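# Residue-level structural notes
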Amino acid sequence: MTHLRQAALALHALEPGDRAWLVERLTPAQQRAVAPLLAELAELGIPADAGLVDEALRHSVHGIARSAQQRIAALPAAQASLLLGGEPAPFVACVLGLTSWPWTPQYVASLDASAQRQLQDAMHDAPAATAPLRAWLLETLATRIDANAIAADTPARLA
């Protein structure tokens, strides 16, 4: 389930007045994107039940995160280096703190001494990722892999 669909589902579960208030605060582009999804949920008769939404989102996030984690773990070390290249040390520390990636030792060894020190300091200071942050990081990195963004010489920064 995409973030947009998740947002629409969460909005759908709100009281109509609360939903309208939040939708008014979205950008015009966001409103145009979410409006047909809200209409679809209403058309399908999906109940506006916050408990049901929480359950659906929890299952969706768990499945997406597991699949994304598998794809990231399968990267060759060189591609992992491209994926994280240009990212700030605190961001990389957060990614490396998610799990024991098979490519971590090669990635760290590929950094110059200054970058290794910055990463080590950031890893020492980094808090554990919350479940939503973990899911976002995994999905974002996997999306970047899927879009072949890691093949670019200068990857766009995620953080």
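One can find the structure itself at the top, above this paragraph.
Below is a short write-up of the structure. (Residues numbered from 1 in each chain as written. Predicted model: local features only at pLDDT ≥ 70, side-chain atom pairs only at ≥ 80, totals over all residues. Heavy atoms only, no water.)

### Notes on the overall build of the chain
For the chain, the helix and strand inventory stands at nine helices and zero strands. Counting every position in the chain, which comprises 159 residues, the buried fraction comes to 31%. The long-range fraction of contacts in the chain, counting pairs at least 24 apart against all pairs at least 6 apart in sequence, stands at 73%. When the accessible area of the chain is evaluated, it comes to approximately 9,400 Å², of which 60% is carbon and sulfur surface. (Helix = DSSP H or I, 4+ residues; strand = E, 2+ residues; numbered from the N terminus. Buried < 20%, exposed > 50% of the residue type's maximum accessible area, 1.4 Å probe, protein only. Contact = heavy atoms within 4.5 Å. Areas by Shrake-Rupley, 256 points an atom, 1.4 Å probe, with all protein chains shown as cover.)

### Some thoughts on the nonpolar core
Across soluble globular proteins, nonpolar side chains show a tendency to be buried alongside one another. Judged by nonpolar contacts, the single largest core of 25 residues is most densely connected at Ile-72, Leu-84, Trp-101, Trp-103 and Tyr-107. For this core, the secondary structure elements donating two or more residues are helix 4 (50-73), helix 5 (77-84), helix 6 (89-96), helix 8 (113-125) and helix 9 (131-146). Residue contributions to this core peak at seven residues, all from helix 6. Here Trp-101 is in contact with Gln-69, Ile-72, Ala-73, Val-95, Leu-96 and Leu-138, once residues within four sequence places are set aside. Residues Ala-8, Leu-11, Leu-37 and Leu-41 belong to the second largest nonpolar core, which totals eight residues. (Core = buried A, V, L, I, M, F, W, Y, C linked by side-chain atoms within 4.5 Å.)

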